[in-house]
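# Results of the structural survey
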Amino acid sequence: MIVRLLFFILVFAIVWVIYRQFAKAIVAKSKSVKKADKANHEESMVKCATCGTFVPLSHAVYDHNQVAFCSMEHKIEHSDQQK
Ligand SMILES: [Zn+2]
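In this text the structure is predicted, and so the values were computed from the model without any measurement. (Residues numbered from 1 in each chain as written. Predicted model: local features only at pLDDT ≥ 70, side-chain atom pairs only at ≥ 80, totals over all residues. Heavy atoms only, no water.)

Another aspect to go through is the coordination of the zinc ion. Listed as protein donors to the zinc ion are Cys48 (SG), Cys51 (SG), Cys70 (SG) and His74 (ND1); their distances from the metal cover 1.8 to 2.3 Å. Considering all four donor atoms around the zinc ion, angles at the metal cover 95 to 122° and the coordination shape is tetrahedral. Read in sequence order, the donor residues for the zinc ion give the motif C-x2-C-x18-C-x3-H. Placement of the pair is Cys48 in the loop between strand E1 (45–47) and strand E2 (54–56) and Cys70 in the loop between strand E4 (68–69) and helix H2 (72–81), with a sequence separation of 22 residues. Look at Cys70 and you get partly exposed, because its relative accessible area is 21%. (Donors = N, O, S within 2.8 Å, 3.2 Å for Na, K, Ca; no water. Tetrahedral: all angles 85-135°; square planar, octahedral: opposite > 155°, others 65-115°. Helix = DSSP H or I, 4+ residues; strand = E, 2+ residues; numbered from the N terminus. Buried < 20%, exposed > 50% of the residue type's maximum accessible area, 1.4 Å probe, protein only.)

Structure, rendered in structure tokens:
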């Protein structure tokens, strides 16, 4: 009977250790996600040549002259205006 009790305590201890490791991993993961979020917010902005809206560098659309636009529609609009 005492062997069974010790076995249960051992199993509980192992589960507890695994749970702690998991909790640590999850916390570390959410921290790194927060860090990535912060990096995105610090991304430099470019001004749309058509409407003047500032858009993040990665969301901007560029034409052959490397002019930045907020959307494909504004890129087309701008090239139409130049004709
Ligand atoms: Zn625009």
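On to the side chain of Asp63. With respect to the secondary-structure elements, Asp63 resides in the loop between strand E3 (61–62) and E4. Beyond its immediate chain neighbours, meaning those up to four positions away, Asp63 contacts Phe69 and Lys75. (Contact = heavy atoms within 4.5 Å.)

We now examine the domain arrangement of the chain. When the domains of the chain are assigned, the result is domain 1 (1–42) and domain 2 (43–83). One C-alpha centre belongs to domain 1, the other to domain 2; they are set 46 Å apart. (Domains from an automatic or database assignment.)

Another point: the environment of His64. Looking at where His64 falls in the secondary structure, it is placed in the loop between E3 and E4. His64 sits 13 residues away from Glu77 along the chain, and the two C-alpha atoms are 14 Å apart. A polar contact is formed between the side chain of His64 and the side chain of Asn65, at a distance of 3.3 Å. (Polar contact = N/O pair within 3.5 Å; in protein donor to acceptor, adjacent residues only side chain to side chain.)

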